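Tertiary structure, described
For reference, the chains in residue letters:
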Amino acid sequence: MAGRINDDDVKAVRDAVPIDAVVSEYLQLRNGGGGNLKGLCPFHDEKSPSFQVSPSKGLFYCFGCQEGGDTVDFVMKIDHLSFAETIERLAGVAGITLRYEQGGYTPGRQQGERTRLVEAHKVAAQFYVEQLASPEAEIGRAFLAQRGFDQAAAEHFGVGYSPAGWDHLIRYLRGRGFSDKELLLSGLAQEGRRGPIDRFRGRLMWPIRDITGEVIGFGARKLRDDDNGPKYLNTPETPLYRKSQVLYGIDLAKKEIAKTNRAVVVEGYTDVMACHLAGVTTAIATCGTAFAGEHIKILRRLLMDNSRGKVIFTFDGDAAGQRAALRAFEDDQKFAARTAIAISPGGMDPCDLRLAQGDEAVRGLVEESTALFEFAIRSVIGKYDAESPEGQAAALEEAAPIVANIKDAAIRHRYAVMLSGLLGYVTDNQFVVNRVSQLARWNRERGQRGGPPGARGNGSYGRGDGPAGRGEQPEPAGRQSAAPPGLRGPALNLRSPAHRVERELLKLALQRPELVAPAFDAYGADEFTAPPYAVVREVIEQAGGVSTADAGYVARVREAAPDDTVRALVTELTVEPLHTRRDADEVYAGVQLVAVRLAAVNRRITEIRGTLQRLGQQADPAHLAAVQNELWVLQQYGQSLRERGAAAL
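So, how was this worked out
Residues numbered from 1 in each chain as written. Predicted model: local features only at pLDDT ≥ 70, side-chain atom pairs only at ≥ 80, totals over all residues. Heavy atoms only, no water. Helix = DSSP H or I, 4+ residues; strand = E, 2+ residues; numbered from the N terminus. Buried < 20%, exposed > 50% of the residue type's maximum accessible area, 1.4 Å probe, protein only. Contact = heavy atoms within 4.5 Å. Areas by Shrake-Rupley, 256 points an atom, 1.4 Å probe, with all protein chains shown as cover. Axes fitted to C-alpha atoms, helices over the stretch in contact; angles between N-to-C directions. Parallel < 35°, antiparallel > 145°, perpendicular 65-115°, else oblique. Nonpolar A, V, L, I, M, F, W, Y, C, P; charged D, E, K, R; others polar. Pairing = 2+ DSSP bridges. Expected span 1.5 Å × (residues − 1). Right-handed = clockwise from strand over helix to strand, strands pointing away. Phe/Tyr/Trp six-rings, centres within 6.5 Å; stacked < 30°, edge-to-face > 60°. Lys NZ or Arg CZ within 6 Å of the ring centre and 35° of its normal. Polar contact = N/O pair within 3.5 Å; in protein donor to acceptor, adjacent residues only side chain to side chain. Salt bridge = Lys/Arg side-chain N within 4 Å of Asp/Glu carboxyl O.

Below, the discussion takes up the overall build of the protein. Across its full length, the protein carries 26 helices and 19 strands. Looking at the protein residue by residue over its 649 residues, the buried ones come to 49%. Sequence separation of 24 or more characterises 66% of the internal contacts of the protein that already satisfy a separation of 6 or more. Carbon together with sulfur atoms contributes 50% to the accessible area of the protein, which is approximately 30,600 Å² in total.

Here is the structure:
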């Protein structure tokens, strides 16, 4: 049984790894204001960034899907790891040696499954690299040299060689403490007649890394004629490796993709190598599968999905390459970035092009790309005789739906005019434009009959006054959200000014506690009319209040939350930017403190006036006098708050 990781070590890991450094391994982050960073959420599909990271608080929160938490939560969610596996991974990043309780630490036995599989791949990758220098691997070195790759290139990409025997890697990994079960689960071995055998034998090996740089699989190229296997053999689906979610070279290309807002999608490992060596360091490739939905999500998060970005697909010029390009076109509008296609003369891939014409030709291929919409239209028209009326009509009927599917009306009109010119409707382009408009209208009507796409249910009870409430993602005007289970009180009206100022004060209490201390600690939960906010106020009190705020203050508040729903709201309030164009100061904090207190005073005054009306003149004089005195005191206090502001608190 695996030992429990020492609590002090867990805390040390949490403190040692900055959340922005971890998150930026998966997506591009930009300034979000108020000391926060923002990007496209990795946990749901979105076009505008609602994912916020607070480096100072060590928290993240998405105002679109309500996922949130600290660095550990982020890694657990995005890589589907257990808590222990996450701590082990982050400890490795931070260089922290973990201590395990319940009998001490046994290396290799108390680590999580994923951690063990990653380590096995790391060791295997180094083994293959060392084998590339062996006499047996001469055929592999010759293959690389024939394609223009020297030893430095092989080392840069970690290319290696798998010996032709049955169990060279297995014996090596057994000697490093890995079990047969782990080797089979990792995909590095497969069952043979007499037990496990190496999956990859006598092949050139490319390590496949995830976006963080960890080796999670391999691509193996056949070298000998007597090898009856496929030309390329990849790692099978494993707990680490899912080919639909992997892009070869993404670990090397991600920073340049984010920096230049450009990505180049090629078809193979050697094409990625050729592009990078030629200076196109944004090149990536899929691993034995078509470029599809999960790949698009990875790129969109790096490109920040802005209209200045560009995704360029390179395909062979043969029929198969053109079919692949048209498949890519089907996903074009999942990008806000422009998409283009580059097909080199003679149908050469980037690797062949570099060999034949040099690095400059590879760079030129990428620079001279054609917009994917235009390529798709020209590909369709090219199948027909556009000189004949019959050919024009047939080409129009196939190409018009492509143009009609373009969502941007201005771009759709431009391509409709282009289509009319390509078909020869020079003097009557309105006919083509009208046909495209008609098809586009039918598309919209079908979509409306099927219900609005992307409809969402209610989110957490705190969302409406976050960035969505400021116009980034407007909510329906009448939307309300229920209070947490077991609470009594009015539903939270997301448009209520009273609730917005309560929210702002709680944000200050969590983000800038020094500005509201010590006054905030004297506020009762009953001064917060929104039940969820009243719960957060109680949680802050249970954590010691704002006057005890230190480096671990927010963590204590989150730990004091009674359930995940309240904890998520605490995270949300901690990450959400304050509603001030300038840096928050004591004056701004004082305004929020006074607004919440004055609203509570006015509510109490209204209640007392109602009590006086019910008592009437027949009430007990002493009781009546006490109620009237309370009313007078509150009225004087309210007047003082209006005149003196925070000084009256």
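So much for the structure itself; the text now carries on.
Turning our eyes to something else, we now look at the packing of helix H10 (residues 250-260) against helix H12 (residues 293-303). One can describe the packing of H10 onto H12 by two numbers: an axis separation of 8 Å at closest approach and a directional angle of 40°. By the angle between their axes, H10 is oblique relative to H12. Across from Ile250, Lys254, Ile257 and Ala258 in H10, the residues of H12 making contact are Ile298, Leu299, Leu302 and Leu303. In the contact of H10 with H12, the residues fall into 7 nonpolar, no polar and 1 charged.

The subject of this paragraph is the sheet that holds strand E11 (residues 232-234). Sheet strands pair via backbone hydrogen bonds, and the direction of the pair is either parallel or antiparallel. Read from one edge to the other, the open sheet built from 4 strands follows the order E6-E9-E10-E11, with strand pairing classed as antiparallel. With partners counted over all chains shown, the strands left at the sheet margins are strand E6 (160-162) and E11, one partner each. When the angles between neighbouring strand axes are averaged without regard to direction, this sheet yields 35°. Pairing geometry for E6 and strand E9 (residues 203-209), over 3 bridges, is antiparallel. Its bridge partner being in E9, Gly160 is matched across the sheet by Met205.

Another aspect to go through is unusual backbone geometry. With the exception of glycine, most residues fall at negative phi, and the peptide bonds are largely trans. Here the residue pair Ala517 and Pro518 is connected by a cis peptide bond, since its omega of -5° sits within 30 degrees of zero. As for its position among the elements, Pro518 is in the loop between helix H21 (513-516) and helix H22 (531-542). The phi dihedral of Asn261 is positive, around 55°, even though this residue is not glycine. By secondary structure assignment, the location of Asn261 is in the loop between H10 and strand E13 (262-266).

This part is about the pairing of strand E4 (residues 59-62). Neither face of E4 is open: one carries Leu59 and Tyr61, the other Phe60 and Cys62, and all of them are buried. Pairing between strand E3 (residues 51-54) and E4: 4 bridges, direction antiparallel. When the sheet's bridge partners are listed, Ser54 is paired in E4 with Leu59. Following E3, the chain reverses through 4 residues before pairing antiparallel with E4; Gly58 in that reversal takes a positive phi of roughly 70°. Alignment of E4 against strand E5 (residues 68-70), held across 3 bridges, turns out to be antiparallel. Residue pairing for E5: Tyr61 is matched across the bridge by Gly68. Taken together, E4 and the strand that follows it, E5, pair antiparallel across an intervening segment of 5 residues, in which Gln66 is found at a positive phi of about 70°.

If you walk across this open sheet you meet the 5 strands as E1-E2-E3-E4-E5, and the pairing is antiparallel. Sheet topology places strand E1 (30-33) and E5 at the edges, where each strand pairs with a single neighbour. Within this sheet the neighbouring strands show an average axis-to-axis angle of 30°, counted without direction. Against the sheet, helix H24 (residues 564-575) engages strand E2 (36-39), E3, E4 and E5, with an angle of about 100° to E4.

Attention now goes to helix H5 (residues 113-131). A rise of 1.5 Å per residue sets the reference length of H5, with its 19 residues, at 27 Å; its end C-alpha atoms lie 27 Å apart and thus fit the reference within 8%. Within H5, the full set of buried residues consists of Arg114, Thr115, Arg116, Leu117, Val118, Ala120, His121, Val123, Ala124, Ala125, Phe127 and Tyr128.

Let's shift gears to helix H4 (residues 83-94). With 12 residues, H4 extends 16 Å from end C-alpha to end C-alpha; this agrees with the ideal 16 Å at 1.5 Å per step. Among the residues of H4, those classed as buried are Glu85, Thr86, Ile87, Glu88, Arg89, Leu90 and Ala91. Count one or two residues on from H4 and you reach Gly95, which has phi positive near 75°.

A large share of E13 lies buried, amounting to 4 of its 5 residues. Relative to strand E14 (residues 283-286), E13 runs parallel, the two being bridged by 3 bridges. Note that in E14 the partner of Val264 across the bridge is Ala283. One crossover worth recording links E13 to the parallel E14 by way of helix H11 (residues 269-277), and it is right-handed.

For the structure shown, the criterion picks out 20 aromatic pairs. Between the aromatic rings of Tyr26 and Phe74, the centroid separation amounts to 5.6 Å while the plane-to-plane angle is 70°, which identifies the pairing as edge-to-face. Separated by 48 residues along the polypeptide, Tyr26 in the loop between helix H2 (19-23) and E1 and Phe74 in helix H3 (residues 71-79) bring together distant segments of the chain. Among the residues examined, Tyr26 registers a relative accessible area of 8% and is labelled buried. Among the residues examined, Phe74 registers a relative accessible area of 0% and is labelled buried. For the pair Tyr128 and Phe218, a centre-to-centre distance of 5.1 Å together with 90° between the ring planes defines the contact as edge-to-face. Residue Tyr128 is located in helix H5, and its partner Phe218 is located in strand E10 (residues 215-222); the two are separated by 90 residues in the primary sequence. In textbook terms, an aromatic cluster arises when at least three aromatic residues are bridged by ring pairs, as seen for Tyr26, Phe43, Phe51, Phe60 and Phe74. Across the ring face of Phe143, the terminal group of Arg147 is positioned such that the distance to the ring centre comes to 3.6 Å. We note Arg597 situated over the ring of Tyr523; from NZ or CZ to the ring centre the distance is 4.1 Å.

Our next topic: the environment of Val436. With respect to the helices and strands, the residue Val436 is situated in helix H19 (residues 429-449). When the C-alpha atoms of Val436 and Ala400 are compared, they prove to be 5.5 Å apart, with 36 residues separating the residues in sequence. What Val436 contacts, discounting residues up to four positions off in sequence, is Ala400, Val403, Ala404, Arg412 and Ala416.

Inspection of the secondary structure puts Asn234 in strand E11. On the basis of relative accessible area, Asn234 is assigned to the buried category, the value being 19%. Only 2.9 Å separates the side chain of Asn234 from the side chain of Tyr269, close enough to count as a polar contact. A polar contact of 3.3 Å, which involves the side chain of Asn234, links it to the backbone oxygen of Cys287.

The next subject is the pattern of salt bridges. According to the stated counting rule, one finds 33 salt bridges in the structure shown. Note that Arg171 and Asp167 form a salt bridge whose closest N and O atoms lie 3.2 Å from each other. When its relative accessible area of 45% is taken as the criterion, Arg171 is described as partly exposed. The class for Asp167 is partly exposed, based on a relative accessible area of 26%. Several salt bridges share partner residues, and in doing so they unite Asp79, Arg89, Arg114, Asp210 and Glu214 into one network.

These figures capture arrangement, not role.
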